[in-house]
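Commentary on secondary and tertiary structure
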Amino acid sequence: MGQQSTIEWTDHTFNPWWGCTKISPGCTHCYAETWSERYGHDIWGPRKSRRTFSEQHWQEPLRWNRLATQQGHRMRVFCASMADVFEDNPSIDSERHRLWSLIAETPMLDWLLLTKRPENMLRFTPWKDPWPSNIWAMTSVENQEYADERIPTLIQIPTIIRGLSVEPLLGPVDLRPWLNHIQWVIVGGESGREARPINPLWVRDIREQCLTAKVPFFFKQWGEWSPITSDTHAFEHLLHTNNDFREYMHRSGKKASGRLLDDKTWDALPFVVEAEHSMKIP
C-alpha cells in the first residue's frame, strides 16, 4: 500500500505486495502479519499467496516523483513495510521486476530497500556495479548473531548508502567491525501486545559506537516499553542495577514511550542527505 508514511525515518512507504515468511527472532511478533490478519489476509508462510495491487497503486510513486521534482527536494521511500522485496518466492517475480522498472522511472525518490535476506540482493536485482544512486541497500539485525550473518553480505552491495535497521533490538550488538562500510544506523524497540522490552544500555552502546565512528544514528522508538528509574508502576521489568541506580522498563505503549533517548531525539540521516543529496541520478 502506497502512502505518506508515519515511520519517522522515511517520507513514503510503498509495498509492491503484502506477505512474507518468518526467518529469524526479529520476525516472531511481526507487525505486518498482525496487520494483514486484521484485514482478513492469510498471506504469511512459504506456500501462501501474496496480496498484489492495482495499477492505481503502482502510479503512486510516479506522483511522488513528480512532486519531488517540482519542489526540488528528494523524497525517501521505504520499500516494503509489509513484505521483504528479496524473499525467495517465485510467485512475486513479476512484481519484483516491475519494481526495478519503477525505481528507474523515479530518479527523485531514494528507495530504501530493507531486507532480512541480503544474500539475495545481488541475485534478484538487474543492476551492475555500481547500483543506481537512488537506491539504499539496508538489512535488519536484531542481535549479534544476525549482525554477524547479514552485515558482511550487505557491505558487498555496490550502492551509495548501506544502512542497518537494528529493530527490534533484542540484545547487545557490536557493530564496530563494519561501521566504516555503513552510512546509517537506525535503532528501535518492539511494539505490539507481545513486545519484548529493549534495554537502554544496548541502545546507548550502539549510539556511542556510531558517534565514535561518525556514522549517523537514528533512534526510532522505545516501542511498547519505556525506561523509568523508580519501582512505582504495577507492571515493571527490572533491567539492571548500577550502584544505587536501578533502571526499569514500564509498559506504557508505543505512543507514550516516545523516542527520547537521554532527553533528546536522535534523527541523523546519511550525510549525503544532509547535504541535500545534490548528486545527479543517471
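Worth saying up front: this structure is predicted, and the values here are computed from it rather than measured. (Residues numbered from 1 in each chain as written. Predicted model: local features only at pLDDT ≥ 70, side-chain atom pairs only at ≥ 80, totals over all residues. Heavy atoms only, no water.)

**With respect to the packing of helix 2 (residues 55–71) against helix 3 (residues 93–104)**
Packing of helix 2 against helix 3 leaves a shortest axis separation of 11 Å and a crossing angle of 30°. The angle between helix 2 and helix 3 falls in the class roughly parallel. Seen along the crossing, helix 2 lies across helix 3 with a hand that is right-handed. Together, E55, W58, P61 and L62 of helix 2 and E95, R98, L99 and L102 of helix 3 make up the contact between the two elements. (Axes fitted to C-alpha atoms, helices over the stretch in contact; angles between N-to-C directions. Helix = DSSP H or I, 4+ residues; strand = E, 2+ residues; numbered from the N terminus. Parallel < 35°, antiparallel > 145°, perpendicular 65-115°, else oblique. Left-handed = near helix turned anticlockwise from the far one by under 90°. Contact = heavy atoms within 4.5 Å.)

**Looking at the pairing of strand 3 (residues 75–79)**
Counting buried positions along strand 3 yields 5 of 5 residues, so the element is predominantly enclosed. Both faces of strand 3 are covered, namely the face carrying M75, V77 and C79 and the face carrying R76 and F78. Where strand 2 (residues 12–13) lies against strand 3, 2 bridges are found, and the strand directions are parallel. In the strand pairing of strand 3, T13 is matched with F78. Pairing between strand 3 and strand 4 (residues 109–115): 5 bridges, direction parallel. Counted as the bridge partner of F78 is L112 from strand 4. Since strand 3 and strand 4 lie parallel, the crossover through helix 3 that links them has a hand, and here it is right-handed. (Buried < 20%, exposed > 50% of the residue type's maximum accessible area, 1.4 Å probe, protein only. Pairing = 2+ DSSP bridges. Right-handed = clockwise from strand over helix to strand, strands pointing away.)

**Looking at a negative patch on the surface**
Taken together, E119, E145, D148 and E149 make up a surface patch of like negative charges. Turning to its location among the elements, D148 is positioned in helix 5 (residues 144–154). Here D148 falls in the partly exposed class, since its relative accessible area comes to 40%. (Patch = residues over 30% accessible without salt bridge, like charges linked within 9 Å, V, L, I, M, F, W, Y side chains within 5 Å. Areas by Shrake-Rupley, 256 points an atom, 1.4 Å probe, with all protein chains shown as cover. Salt bridge = Lys/Arg side-chain N within 4 Å of Asp/Glu carboxyl O. Lys, Arg positive; Asp, Glu negative; His and termini not counted. Charge placed at Lys NZ, Arg CZ, Asp CG, Glu CD.)

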